[in-house]
Amino acid sequence: MSDTTHDGAVALSTPPSADDGLSAAERAEKYGLTVSGARPGLFEYVQQLWGRRHFIMAFSRAKLTAQYSQAKLGQLWQVATPLLNALVYFLIFGLILGTRKGMSQEVFIPFLVTGVFVFTFTQSSVMAGVRAISGNLGLVRALHFPRASLPISFSLQQLQQLLYSMIVMAVVVVGFGSYPSLSWLLVVPALVMQFVFNTGLALIMARLGSKTPDLAQLMPFVMRTWMYASGVMFSIPVMLQDKPEWIGRVLQYNPAAIYMDLIRFALIDGYGSENLPPHVWIVGLAWAAFIGVAGFVYFWKAEERYGRG
């Protein structure tokens, strides 16, 4: 549109627009525009994760393969590392300090090996979760995907590593007189609960670690304290029998001890139900459900902030 002025000049005028008077938010809504990187709804976020399930599995396998790619023994270190830890703990705690009190050697060695392998599963998941975002900023900033994919894939990586280790664990258990039986099937639900718990905890630590990288330096001390308080090298009720009962109950009901004891109960013939706290399966399920859901929601609430600043 144009108008001619009195001196012959041409003045241009802009025609009125249908968007005149609309705020930025109203224009965005009109044309279906959304904020780049905005946090989706919780249900939509779950759908996005399910759509990336193949990426999550492939990423966890690639990380597992690359973990020991520079070592000459390669993937054997997946089993050798916790096995060597178990040997050291046996020499120090079993032989020198006598923490196998109340257990025969045929029970104590499988007890110790199982505890080390199972606790390592939780420990490694937590440590990987701390670095899940801060250690992969290039990927986070370059690609658009649900960020929960990273801590979940790291938890899957640790689960796969534990499954390899279970072969050695089974050999040790059988070698000391506990042969396969129907009770071994209880390992499956126990591991499922532990995996859900570990994943929730990894999600919590991933959010905390994304803004506080120094947390990775602190966590080894936290995990070491947790390990000593969880009965990895000793039976909690036996070692604390002369202490107030509530102390033993608190330590027995901590989730790391719960999942270790469930797997020990399933695999070791001489480790009976008298070593477990009451309602142990219900407590294990409650820990998994609470930490799994709470960790996922806690991580999701900061989805749009990961990788920024």
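Refer to the structure printed above.
Residues numbered from 1 in each chain as written. Predicted model: local features only at pLDDT ≥ 70, side-chain atom pairs only at ≥ 80, totals over all residues. Heavy atoms only, no water.

Examining the packing of helix H5 (residues 105-130) against helix H9 (residues 215-228)
In step 1: At a closest axis distance of 10 Å, the pairing of H5 and H9 adopts a crossing angle of 165°. Taken together, H5 and H9 sit at an angle that is classed as roughly antiparallel. Crossing hand, H5 versus H9: right-handed. Touching Phe119, Thr122, Gln123, Val126, Met127 and Val130 of H5 are Leu215, Ala216, Met219, Pro220, Met223, Trp226 and Met227, all from H9. (Axes fitted to C-alpha atoms, helices over the stretch in contact; angles between N-to-C directions. Helix = DSSP H or I, 4+ residues; strand = E, 2+ residues; numbered from the N terminus. Parallel < 35°, antiparallel > 145°, perpendicular 65-115°, else oblique. Left-handed = near helix turned anticlockwise from the far one by under 90°. Contact = heavy atoms within 4.5 Å.)

Comments concerning the layout of surface pockets
In step 1: One number sums up the size of the largest pocket: a volume of about 500 Å³.
In step 2: Around the largest pocket, the lining comprises 25 residues; the ones closest to its centre are Thr81, Thr120, Gln123, Ser124 and Met127.
In step 3: Looking at the lining of the largest pocket, the element that brings in the most residues is H5, giving seven residues.
In step 4: A breakdown of the residues in the lining of the largest pocket according to their chemical character gives 13 nonpolar, ten polar and two charged. (1 Å grid on protein atoms, 1.4 Å probe; cavity = no way out; pocket = protein on both sides within 12 Å on 5 of 7 lines; lining within 4 Å. Points joined across faces, edges and corners; volume = space filled by probe spheres on them. Nonpolar A, V, L, I, M, F, W, Y, C, P; charged D, E, K, R; others polar.)

Considering unusual backbone geometry
In step 1: Of note, His279 is a non-glycine position whose phi angle comes to about 55°, a positive value.
In step 2: Here His279 shows up in the loop between helix H12 (255-267) and helix H13 (280-300).
In step 3: Under the relative-accessibility criterion, His279 is labelled exposed at 61%. (Buried < 20%, exposed > 50% of the residue type's maximum accessible area, 1.4 Å probe, protein only.)

Describing the nonpolar core
In step 1: By size, the foremost hydrophobic cluster in this structure holds 82 residues, and its most contacted members are Phe119, Met219, Leu267 and Phe299.
In step 2: Looking at which element gives the most residues to this core, the answer is H5, with 15 residues.
In step 3: Setting aside its immediate chain neighbours within four residues, Leu267 contacts Met169, Val173, Ser178, Trp184 and Val187. (Core = buried A, V, L, I, M, F, W, Y, C linked by side-chain atoms within 4.5 Å.)

Regarding the packing of aromatic side chains
In step 1: Counted by the stated rule, this structure contains eleven aromatic pairs.
In step 2: For the pair Phe197 and Tyr259, a centre-to-centre distance of 5.8 Å together with 50° between the ring planes defines the contact as tilted. Placement of the pair is Phe197 in helix H8 (residues 187-211) and Tyr259 in helix H12, with a sequence separation of 62 residues.
In step 3: The exposure class assigned to Phe197 is buried, which follows from its relative accessible area of 3%.
In step 4: Ring geometry for Phe197 and Trp287: centres 6.3 Å apart, planes at 85°, overall edge-to-face. (Phe/Tyr/Trp six-rings, centres within 6.5 Å; stacked < 30°, edge-to-face > 60°.)

A short note on empty space enclosed by the protein
In step 1: By the definition in use, this model includes two cavities of 30 Å³ or more.
In step 2: Quantified by volume, the largest cavity comes out at close to 70 Å³.
In step 3: Contributing to the lining of the largest cavity are ten residues, with Phe117, Thr120, Phe121, Gln161 and Leu162 lying nearest its centre.
In step 4: Mapped by element, the contributors of at least two residues to the lining of the largest cavity are helix H4 (77-96), H5 and helix H7 (149-175).
In step 5: Partitioning the lining of the largest cavity into residue classes produces four nonpolar, six polar and no charged.
In step 6: Empty space within the second largest cavity amounts to approximately 60 Å³.

Quick word on the environment of Val238
In step 1: Mapped onto the elements of the fold, Val238 is located in helix H10 (residues 236-239).
In step 2: For Val238 and Lys101, which are 137 residues apart along the polypeptide, the C-alpha to C-alpha distance reads 7.3 Å.
In step 3: For Val238, the residues in contact, after removing those within four places along its chain, are Lys101 and Gly102.

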